[in-house]
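Architecture and fold: a report
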Amino acid sequence: MKFIVRRYFSGYCSCEIEAENEDEAYEKAVNLPIDQGEILSTLEEWTDSDEVELDLYGLNL
């Protein structure tokens with residue numbers, strides 16, 4: 001059987017894996033090198049998670 005395994009970072013990396021079951025497919029995918037180009041091409045901006053915080057330690061009070 002073939003599985004498509006997507007490992008999520010901020011983007012994701014996918015690969016086709018030949019395995020007997022989902023657990024085996026995941027274990028094989030974890031041991032493969034990460035395709036950084038694919039991750040960079042799938043990055044999305046998460047504006048809902050952005051934060052702005054006052055730097056109280058940087059103020060000269």
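Please read all numbers here as calculations on a predicted model, not as lab measurements.

Conventions we followed
- Residues numbered from 1 in each chain as written.
- Predicted model: local features only at pLDDT ≥ 70, side-chain atom pairs only at ≥ 80, totals over all residues.
- Heavy atoms only, no water.
- Helix = DSSP H or I, 4+ residues; strand = E, 2+ residues; numbered from the N terminus.
- Buried < 20%, exposed > 50% of the residue type's maximum accessible area, 1.4 Å probe, protein only.
- Contact = heavy atoms within 4.5 Å.
- Areas by Shrake-Rupley, 256 points an atom, 1.4 Å probe, with all protein chains shown as cover.
- Salt bridge = Lys/Arg side-chain N within 4 Å of Asp/Glu carboxyl O.
- pLDDT = per-residue confidence, 0-100.
- Core = buried A, V, L, I, M, F, W, Y, C linked by side-chain atoms within 4.5 Å.
- Polar contact = N/O pair within 3.5 Å; in protein donor to acceptor, adjacent residues only side chain to side chain.

The number of helices and strands found in the chain is two helices and two strands. Here the chain holds 61 residues, and the buried ones make up 18% of them. The long-range fraction of contacts in the chain, counting pairs at least 24 apart against all pairs at least 6 apart in sequence, stands at 30%. Just so you have it, the chain exposes about 5600 Å², and 49% of that area is on carbon and sulfur atoms.

Here the structure, examined in full by the defined rule, presents one salt bridge. Where Lys28 meets Glu24, a salt bridge forms, and the shortest distance between an N and an O atom there is 3.4 Å. Linking Lys28 with Glu24, this pair stays in helix H1 (residues 22–30), spanning four residues, or about one helical turn. With relative accessibility at 37%, the residue Lys28 sits in the partly exposed group.

Turning to the confidence of the model for the chain, a few remarks are in order. Detailed reading of the predicted coordinates is not advisable wherever pLDDT is low. Put simply, the chain has an average pLDDT of 79, and 84% of its residues get 70 or more. When the elements of the chain are averaged for pLDDT, strand S1 (residues 2–8) gives the smallest value, 75, and H1 the largest, 89.

Core analysis: the biggest nonpolar cluster contains six residues, these being Phe3, Val5, Ile17, Ala19, Ala25 and Ala29. Of all the secondary-structure elements, those providing two or more residues to this core are S1 and H1.

Turning next to the environment of Ser41. With respect to the element layout, Ser41 can be found in helix H2 (residues 36–41). Distance from Ser41 to Tyr12, taken between C-alpha atoms, is 8.9 Å for residues 29 residues apart in sequence. Among the polar contacts listed, one links the side chain of Ser41 to the backbone oxygen of Glu38, at a separation of 2.9 Å.

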